[in-house]
Amino acid sequence: MEKNEILYSQNQVPPIGKLIFLSLQQAVLILTTSILPAIFIKEISGDIGLSISFVSVTLIVSGIGSILQGFKIKGFGSGYLCPNVCGPSYFSLSLQAFWMGGFPLMRGMVIFAGIIEMALAPMVKYLRNLFPPVVVGVVVANVGISIIPLIFANFCGSPYSSDIMLWQDVTTAIFTLMLITSLNIWGKGNFKLFCLLIGITVGWLLYLLIIPSENLNYVGLPGIPLLAIPKMPFNFFELHFSWGLMFPFLIISLCGSLKTFGNLVAAQKITTPELTEIDMKPIAGGLWADGFTTSLSGLMGAMAVDTSSGNVGLAAATKAVSRWIGIVAGVMVLVAGFFPRISLLISIIPPPVVGAALTFAIVFMVITGFQEIFSVKLDQKKIAVVGLSMIFSLCTQFVPELFAYLPKSLQIIFSNSLTSSTVLAILLYQFFHLDNAYALISKKVRL
Amino acid sequence: MKNKYMPCIVLIIFMATSFILSCSDRKDNLGQRNSDINNYDYKRTKLLLKTVQKGAEIFQNEGLYALKAYEKTQRFHDIYFYIYRKSDELCIYHGEDSTKINLMVKDQIDFLGKPIQNLISEALSDTINNPDAWVHFNWPRPDNIFPTWKTACHRKVVLKDGSEGFIGAGMYGYISEKEFIKISVKKACSLMASEGDSSLEYIQSPQSPFMFFDCFIFVYDFNGNSIIDPSYKKNSKINLLLFRDVTNHFPFRSIAEQLKVSDETWNMLQFTSPESMNIRKKVIYCRKTKLGNKEVIVGSMIDAPQATWFK
């Protein structure tokens with residue numbers, strides 16, 4: 001992407017009206033992907049009150065994290081538009097921790113994971129050689145690819161395996177996606193800028209029109225208080241830790257760091273395309289802020305949050321990459337956490353609309369990764385690194401049952417395409433460039 | 001007309017077509033007992049219920065010919081109706097297997113020996129616990145040789161000659177509806193309360209409606225002694241209150257504590273499976289009832305609905 005294509009650059013403050021709507025668009029995408037806390041509460045057989053509180057607290061933490069990412073104060077924060085959402089990375093382990101020890105254990109382990117991420121942040125600048133453009137491209141592309149199962153499950157409106165797809169769900173998803181994409185391609189001015197917001201609104205209305213029984217989901221809305229401080233059912237000072245869960249949470253924290261790394265690199269690429277190599281300083285600051293936010297989510301009893309690939313993709317689509325958009329979006333999401341009706345609305349947003357919105361956003365993430373890969377001349381070594389890591393990482397998506405028989409410590413690496421592609425790309429790149437490293441070392445020894 | 005407006009026009013036509021196509025469904029949805037439908041998790045279950053309800057109304061008001069026409073529109077979802085006369089189990093119509101039409105199927109049994117017609121009659125008469133008359137049986141489809149579980153719901157209808165009949169339709173496969181074990185447990189509780197110890201043999205029989213998929217009834221007392229063991233081990237001596245799952249959760253102890261203050265409860269049991277990287281879950285539903293002069297816990301468990309993306 002050329003610099004003159006960017007509408008609002010990193011430090012530019014858009015006009016107030018545009019700022020509000022661009023931030024609202026980012027905030028709506030954060031809100032639509034905040035359905036995971038509601039699913040978590042359903043998994044633990046919690047009631048609607050707990051669901052609303054849990055979603056609200058998660059929104060508050062997402063908002064704080066989004067604001068912190070936008071700032072860059074003495075190495076804390078990246079200064080990029082890279083908001084925080086509750087992603088699927090921590091979902092299964094958080095569930096496991098909850099069943100083992102309730103909220104105290106879940107909170108304790110999530111805080112631990114956040115501390116690990118913060119500890120890794122300063123070391124990132126020493127890892128520059130591990131992340132040449134081809135490896136970065138593979139990581140960024142797989143950040144998007146790794147959440148395709150979640151996106152498409154929502155796209156088809158089929159939350160459960162062995163359930164059917166209804167034509168109403170698929171129609172709504174296709175219509176919403178086509179509307180967003182058409183507005184993005186052919187739209188002009190505000191239609192192009194707010195394509196996602198318009199698409200989600202119209203798609204939601206269409207869903208309610210063609211499935212009127214869904215209107216019953218909103219019947220309970222007036223009974224929910226307008227404004228409330230979320231109340232969580234645990235003692236704030238009661239935190240537990242489990243040595244048995246330490247290793248899995250360590251691994252998942254590393255995976256979360258990798259995902260955030262990929263998102264921040266993509267955000268950097270989109271914001272400052274003129275950079276020829278990664279500037280590790282803002283990346284390290286972003287990882288620090290992300291780790292802090294993860295720990296904060298544990299402390300407040302929310303689901304662990306990390307940076308959002310979808311929102312970075314949306315910034316790439318709209319060419320509005322000002323960090324102030326992320327900060328204002330963070331404020332909107334934080335405030336939304338005190339409105340329980342918004343939390344309830346999130347848990348009943350039509351899955352096909354969520355799927356369509358995320359599909360659109362992820363497209364740009366995946367393509368940014370491929371652009372990064374093809375930005376350098378590909379020799380035989382680089383082709384092998386990219387090809388092999390992509391093929392083997394996609395295996396984890398296509399045939400996950402093959403990896404079910406691995407030892408638990410290896411299963412976590414092969415549980416999704418992001419972690420497996422990153423580990424493989426780094427190892428393969430170093431392996432195929434061993435001869436270069438040997439030559440360099442020999443030269444230094446001779447000197 | 002400029003080409004650049006073509007995508008807008010296509011989208012508007014698409015939206016209008018969707019709305020028009022949904023009109024017939026909208027009319028049906030407004031007439032459904034939506035509160036009952038919301039008890040179910042799966043869309044295929046809700047669709048089957050709505051289809052059978054509508055099929056019963058069409059058959060009652062417009063006759064068999066109209067029902068056949070409606071059934072053709074449901075072929076996409078693999079839904080076929082069947083209609084039987086209650087008095088002599090004469091098959092009036094069978095959409096999936098036309099060889100059954102005009103046959104009396106009084107002694108029809110499935111792969112496990114379940115007497116299907118009896119189970120359907122029982123389900124239809126149990127309007128409190130099983131208002132949708134769900135029945136599970138295991139047999140091969142007409143074009144197959146391997147038995148598959150079929151879950152069907154039914155409605156009473158009045159036939160042309162004024163006699164009583166029923167209409168039903170089913171879906172194949174394992175469907176993790178929590179409502180199914182709730183129905184099964186409630187029925188088992190009523191049976192045990194009325195017939196006592198003599199009901200236990202029937203409850204454990206594969207021919208009973210209580211055994212379907214990998215679900216069956218288990219019974220234990222508040223001290224943790226099993227009467228029908230959840231692991232289906234006969235004469236098991238383990239104390240269920242000490243049983244701990246892979247997440248160190250004590251499900252049976254937790255259930256016993258919850259049932260001290262309420263009549264029913266839901267709980268979870270998690271276990272590892274060699275085919276899955278993640279922990280798998282079972283949903284447990286339990287009620288307390290009297291067995292003789294002793295209060296016991298009756299329950300059943302089914303796989304928890306698994307999110308498509310959660311491997």
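Everything that follows concerns the structure shown earlier in this document.
An account of the accompanying structure is given in this report. Just so you know, these numbers come straight off a predicted model, no measurement behind them.

Definitions and limits used
Residues numbered from 1 in each chain as written. Chains lettered and ligands numbered in written order. Predicted model: local features only at pLDDT ≥ 70, side-chain atom pairs only at ≥ 80, totals over all residues. Heavy atoms only, no water. Axes fitted to C-alpha atoms, helices over the stretch in contact; angles between N-to-C directions. Helix = DSSP H or I, 4+ residues; strand = E, 2+ residues; numbered from the N terminus. Parallel < 35°, antiparallel > 145°, perpendicular 65-115°, else oblique. Contact = heavy atoms within 4.5 Å. Core = buried A, V, L, I, M, F, W, Y, C linked by side-chain atoms within 4.5 Å. Buried < 20%, exposed > 50% of the residue type's maximum accessible area, 1.4 Å probe, protein only. Pairing = 2+ DSSP bridges. Polar contact = N/O pair within 3.5 Å; in protein donor to acceptor, adjacent residues only side chain to side chain. Buried area = accessible area lost by both parts, 1.4 Å probe. Salt bridge = Lys/Arg side-chain N within 4 Å of Asp/Glu carboxyl O. Nonpolar A, V, L, I, M, F, W, Y, C, P; charged D, E, K, R; others polar. Phe/Tyr/Trp six-rings, centres within 6.5 Å; stacked < 30°, edge-to-face > 60°. Lys NZ or Arg CZ within 6 Å of the ring centre and 35° of its normal.

1. Details of the packing of helix α5 (residues 133–145) of chain A against helix α18 (residues 417–432) of chain A
Residues and elements named next belong to chain A. Relative orientation of the contacting elements α5 and α18 amounts to 170 degrees, with a least axis distance of 8 Å. Considering their axes alone, α5 and α18 lie roughly antiparallel with respect to each other. Counted together, Val-134, Val-135, Val-138, Val-139, Asn-142, Val-143 and Ile-145 of α5 and Ser-417, Leu-418, Ser-421, Thr-422, Ala-425, Ile-426 and Tyr-429 of α18 form the full contact between these two elements.

2. With respect to the nonpolar core
Of all hydrophobic cores here, the largest spans 86 residues; its most connected members are Phe-40 and Phe-249 of chain A together with Trp-134 and Val-298 of chain B. Sort the elements by how many residues they give to this core and helix α4 (residues 91–120) of chain A lands first, with 14 residues. Membership of the second largest hydrophobic core comes to 84 residues, among which are Ile-6, Leu-179 and Ile-278 of chain A together with Leu-11 of chain B.

3. Observations concerning the sheet that holds strand β3 (residues 135–140) of chain B
Residues and elements named next belong to chain B. Taken in spatial order, the five strands of this open sheet run β2-β1-β5-β4-β3, and their pairing is antiparallel. Where the open sheet ends on each side, the last strands, each with one partner, are β2 (91–94) and β3. Strand-to-strand twist of the sheet, defined as the mean angle between neighbouring strand axes without regard to direction, takes the value 30 degrees. Looking at chain direction, β3 and strand β4 (residues 147–158) are connected through six bridges and run antiparallel. Its bridge partner lying in β4, Asn-138 is registered against Trp-149. On the sheet, helix α5 (residues 116–125) packs against β1 (81–85), β3, β4 and β5 (164–172) and is oriented at approximately 160 degrees with respect to β3.

4. Remarks on the environment of Tyr-82 of chain B
All names here are of chain B. Relative to the helices and strands, Tyr-82 resides in strand β1. Residues within four places of Tyr-82 in sequence aside, it is in contact with Tyr-93, His-94, Phe-137, Lys-150, Ala-152, His-154, Phe-166, Ile-167, Gly-168 and Ala-169. For Tyr-82, the side chain forms a polar contact with the side chain of His-154, separated by 2.7 Å.

5. Thoughts on the sheet that holds strand β10 (residues 294–303) of chain B
Residue and element names in this part refer to chain B. Strands sit in the order β7-β6-β10-β9-β8 across an open sheet of five strands; the sheet is antiparallel. Since the sheet does not close on itself, it has two edges, and those belong to β7 (226–228) and β8 (264–271), each with one partner. With direction set aside, neighbouring strand axes in the sheet form an average angle of 30 degrees. Where strand β9 (residues 280–291) and β10 come together, 10 bridges link them in antiparallel fashion. Bridged to Arg-287 within β10 is Val-298. The strands touched by helix α8 (residues 251–259) are β6 (218–221), β8, β9 and β10; relative to β8, the strand with the most contacts, the crossing angle is about 170 degrees.

6. Comments concerning the interface of chain A and chain B
At the interface, 51 residues of chain A touch 39 residues of chain B. Both sides together, the interface formed by chain A and chain B hides about 4,200 Å², and carbon and sulfur atoms give 67% of it. If you look at where chain A meets chain B, you find one salt bridge. Note that Lys-43 of chain B and Asp-169 of chain A form a salt bridge whose closest N and O atoms lie 2.4 Å from each other. Across the contact surface, chain A and chain B share four residue pairs in polar contact (both at pLDDT 80 or more). Elements supplying a minimum of two residues to the side of chain A that touches chain B: α2 (36–43), α4, α6 (148–155), α7 (167–186), α9 (195–210), α16 (380–398) and α17 (408–411) of chain A. Per-element accounting of the side of chain A that touches chain B gives the leading share, 10 residues, to α7 of chain A. Counted by class, the side of chain A that touches chain B contains 32 nonpolar, 14 polar and five charged residues.

7. Some remarks on the packing of aromatic side chains
Taken as a whole and assessed by the stated rule, the structure comprises 31 aromatic pairs over all chains. Aromatic side chains Phe-21 of chain A and Phe-194 of chain A sit 5.4 Å apart centroid to centroid with 50 degrees between the ring planes, which places their arrangement in the tilted category. Within this pair, whereas Phe-21 of chain A is found in helix α1 (residues 16–32), its partner Phe-194 of chain A is found in the loop between α8 (190–193) and α9, the two being separated by 173 residues in sequence. On the basis of relative accessible area, Phe-21 of chain A is assigned to the partly exposed category, the value being 41%. Judged by relative accessible area, Phe-194 of chain A falls into the buried class, the value being 8%. Measuring from centroid to centroid gives 5.3 Å for Phe-76 of chain A and Trp-288 of chain A, while their planes differ by 70 degrees, and the two rings are edge-to-face. Here Trp-288 of chain A lies in helix α11 (residues 280–300) and Phe-76 of chain A lies in the loop between α3 (48–70) and β1 (84–85), a separation of 212 residues in the sequence. Classification of Trp-288 of chain A as partly exposed rests on a relative accessible area of 34%. Taken together, the ring pairs in this structure connect Phe-40, Phe-54, Phe-91, Phe-98 and Phe-103 of chain A into an aromatic cluster. The ring of Phe-236 of chain A is capped by Arg-107 of chain A, whose NZ or CZ atom sits 5.4 Å from the centre of that ring. For Arg-253 of chain B, the ring lying beneath its charged end belongs to Phe-250 of chain B, and the centroid distance is 4.0 Å.

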